[in-house]
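# Close look at the chain arrangement
Each chain is listed here by its residues.
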Amino acid sequence: NFLRNGTTSFVGRALGAGRVEAAVTHLQRAMLMAVGLGLGILLVQWIAVPLVMGVLAPAGEVQSLATDYAWIRLLAAPATLLTLVANGWFVGTGDTKRPLAIVATVNVLNIGLDVLFVAGLGWGSSGAAGASAIAEWAGVVVAGVLWWRFAASEVRADVRRWRLKGLRSGWMRVVALNGWLFGRTATLYVVLTFVTAYAARVGEDVLAATAVLMQFMYLSSYAQDGYAHAAEAMSSREIGRGDIREFHRANLAAALPALAIGALFTVVYLVGRDPLIALMTDLEPVAATAREYFPWVIALPLFSAFAYLFDGVFLGSGHTRAMLVTMVASAALVFFPLVWVGEAFVPDDRGHDLWRAFLFFNVARGVFLGIAYAVTTRRGRWLEHEEPLPAA
């Protein structure tokens, strides 16, 4: 994900400053990085996947299925990373229609292939993995076509010139910004992975229910990411222009609908708990467990709103070090301690310990980033970038 986020930050700031060539040069850097990382994943997956699954999944059928799924799914790594770069470019230019077209294509194709491979041919989880991998490769083709068709002629001409001087330099600044983002995203995925691994060790019904509940979390987060992406695009453009007043106005404009979307999802989840869970599973033990933990999911969209919004602001402005610091603080000072406190002192089901900690983890992310926003504003440091734009 840091490829998408870092591309948006550099491209948005470069275009805001009127430096089209610098934006194109970063696109080229990001594409090279995506290809290199994708090929690296293909090389190491045969060793890494069994090691990781040995930690995450209980021994037996679950671990075997998860390992096979991961091996097949990771065949799409280069395509997924290149698509992230393309989406980063689109969001950085303020264009959110093309990413919508790409994700719609990928998901519709994925669903169709799931029906064919799983329901039709009976290939199980391996069929689901194959469907996703094929859909991701189709997505990168769609991204390339859309980019080429709608890019300005001067941009296409710049892309063809792969021997630009700027392409041979500026990598340390790119690596620095993406390094903070990588650390931030890695910390987030440590928490998300811990949620799954912890649930697996509580019991299979809890694991299955957690998988269901996480889909509701993802659904609301994708909707809230829309305004985070808007804040990202607008803030990067205003920072590139050096207009701090418009920067703050853009963030406020994104904050109000972001809160409204979070509140809307909270109300929908509150009213529609049973039918929504029934859409996800017809296994009564799993549904019953999901209903027990659902109050935490109801609260998540509203109480996570500022975490998503501030993510967009700090990404767009290029202040990514604060994102890493606040994410680590939220995990180390809130999430993991609350899991331990719940286990040791709260007399309820272990699943409640997990979801309680996850809710407060998201609240802490918003609070810590809000503090960082206020401090940066008071010190007048929004234009003092940790990683300035590389030269074109």
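This text follows the structure it describes.
Note that the structure is a prediction, hence the values are computed from the model and not measured.

## Focus on the overall build of the protein
Of regular secondary structure, the protein possesses 15 helices and 0 strands. For 392 residues, the compact-globule estimate of 2.2 N^0.38 gives 21 Å, and the C-alpha radius of gyration of the protein, at 21 Å, lies within 12% of that figure. For the protein, the C-alpha atoms occupy an extent of roughly 60 × 50 × 35 Å along the three principal directions. Buried residues in the protein amount to 47% of all 392 residues. Excluding contacts between residues fewer than 6 apart, the proportion of contacts in the protein whose partners are at least 24 apart in sequence is 81%. Accessible surface computed for the protein: about 18000 Å², of which carbon and sulfur atoms make up 69%. In the protein, 30 side chains carry a positive charge and 27 a negative one; their mean positions are 14 Å apart.

## Notes on the packing of aromatic side chains
Considering all chains together, one arrives at 22 aromatic pairs under this definition. Here the aromatic rings of Phe216 and Phe294 are separated by 5.4 Å at their centres, their planes lie at 90°, and the arrangement is edge-to-face. Of this pair, Phe216 sits in helix 9 (residues 204-241) while Phe294 is found in helix 12 (residues 284-303), placing the two residues 78 residues apart along the sequence. Here the two residues Phe216 and Phe294 agree in accessibility, since each one is buried. Aromatic rings pair up to connect Phe194, Tyr198, Phe335, Phe336, Trp355, Phe358 and Phe361 into one cluster. Against the face of Phe150 rests Arg149, its NZ or CZ located 5.0 Å from the ring centre.

## Here we look at helix 14 (residues 321-345)
Its 25 residues place the ends of helix 14 35 Å apart at the C-alpha level, agreeing with the 36 Å of an ideal helix rising 1.5 Å per residue. Of all the positions in helix 14, only Ala322, Met323, Leu324, Thr326, Met327, Ala329, Ser330, Ala331, Val334, Phe335, Val339 and Gly342 are classed as buried. Looking at the buried residues of helix 14, the elements they touch are helix 8 (171-202), helix 13 (305-317) and helix 15 (350-379).

## Overview of the environment of Gln224
Position of Gln224 relative to the elements: it lies in helix 9. Once you skip the residues sitting within four places of it in the chain, Gln224 turns out to touch Ala258, Ile261, Gly262, Pro301, Ser304, Ala305 and Tyr308.

## Let's talk about a nonpolar patch on the surface
Together, Trp46, Ile47, Leu51 and Leu75 line one region of the surface with nonpolar side chains, adding up to about 460 Å² of accessible area. Positionally, Leu51 belongs in helix 2 (residues 20-56).

## Examining the nonpolar core
Judged by nonpolar contacts, the single largest core of 46 residues is most densely connected at Leu3, Trp89, Phe90, Trp147, Phe314, Tyr373 and Trp382. For this core, the element with the highest residue contribution is helix 2, accounting for 7 residues. Excluding its chain neighbours within four sequence positions, the residues that come into contact with Tyr373 are Phe247, His248, Asn251, Phe310, Val313, Phe314 and Trp382. In terms of nonpolar packing, the next biggest core, distinct from the first, is built from 38 residues, Ala199, Ala228, Ala290 and Val297 among them.

## Some points on the packing of helix 10 (residues 244-271) against helix 13
Interaxial distance between helix 10 and helix 13 falls to 10 Å at its minimum, and their mutual angle equals 155°. As summarised for this structure, helix 10 and helix 13 are arranged roughly antiparallel, according to the angle between their axes. In this structure, helix 10 crosses over helix 13, and the sense of that crossing is right-handed. Here Phe247, Asn251, Ala254, Ala255, Ala258 and Leu259 of helix 10 come into contact with helix 13, specifically with Ala305, Phe306, Leu309, Val313 and Ser317. A class-by-class count of the residues in the contact of helix 10 with helix 13 yields 9 nonpolar, 2 polar and no charged.

## Brief notes about helix 10
If you check helix 10, its first and last C-alpha atoms are 41 Å apart, about what 28 residues at 1.5 Å a residue would give, namely 40 Å. Summarising the contacts, the buried residues of helix 10 are in contact with helix 9, helix 11 (273-280), helix 12, helix 13 and helix 15. You can read the cap of helix 10 off the contacts: a side-chain oxygen lies 3.4 Å from the backbone nitrogen of Arg245, and it is on Asp243.

## Some points on the pattern of salt bridges
One pass over the structure, following the stated rule, counts 11 salt bridges. The residue Arg249 makes a salt bridge to Glu246 at a minimum N-O spacing of 3.0 Å. Taken as a pair, Arg249 and Glu246 lie in helix 10 at a separation of 3 residues, close to a single helical turn. The exposure class of Glu246 is partly exposed, given its relative accessible area of 28%. Two residues, Arg291 and Glu284, come together in a salt bridge whose shortest N-O distance is 2.6 Å. Overall, the relative accessible area of 25% leaves Arg291 in the partly exposed class.

## A closer look at the environment of Ala57
Within the secondary structure, Ala57 sits in the loop between helix 2 and helix 3 (61-73). Using a relative accessible area of 8% as the deciding quantity, one classes Ala57 as buried. The contact partners of Ala57, leaving out residues within four places of it in the chain, are Val62, Gln63 and Arg201.

## Observations regarding the side chain of His352
As for its position among the elements, His352 is in helix 15. Excluding anything up to four places from it in sequence, His352 contacts Glu292, Tyr293 and Trp296.

The rules behind each value
- Residues numbered from 1 in each chain as written.
- Predicted model: local features only at pLDDT ≥ 70, side-chain atom pairs only at ≥ 80, totals over all residues.
- Heavy atoms only, no water.
- Helix = DSSP H or I, 4+ residues; strand = E, 2+ residues; numbered from the N terminus.
- Rg over C-alpha atoms; globule rule 2.2 N^0.38 Å.
- Buried < 20%, exposed > 50% of the residue type's maximum accessible area, 1.4 Å probe, protein only.
- Contact = heavy atoms within 4.5 Å.
- Areas by Shrake-Rupley, 256 points an atom, 1.4 Å probe, with all protein chains shown as cover.
- Lys, Arg positive; Asp, Glu negative; His and termini not counted.
- Charge placed at Lys NZ, Arg CZ, Asp CG, Glu CD.
- Phe/Tyr/Trp six-rings, centres within 6.5 Å; stacked < 30°, edge-to-face > 60°.
- Lys NZ or Arg CZ within 6 Å of the ring centre and 35° of its normal.
- Expected span 1.5 Å × (residues − 1).
- Patch = residues over 30% accessible without salt bridge, like charges linked within 9 Å, V, L, I, M, F, W, Y side chains within 5 Å.
- Salt bridge = Lys/Arg side-chain N within 4 Å of Asp/Glu carboxyl O.
- Core = buried A, V, L, I, M, F, W, Y, C linked by side-chain atoms within 4.5 Å.
- Axes fitted to C-alpha atoms, helices over the stretch in contact; angles between N-to-C directions.
- Parallel < 35°, antiparallel > 145°, perpendicular 65-115°, else oblique.
- Left-handed = near helix turned anticlockwise from the far one by under 90°.
- Nonpolar A, V, L, I, M, F, W, Y, C, P; charged D, E, K, R; others polar.
- Polar contact = N/O pair within 3.5 Å; in protein donor to acceptor, adjacent residues only side chain to side chain.

Purely geometric stuff here, so don't read any function into it on its own.
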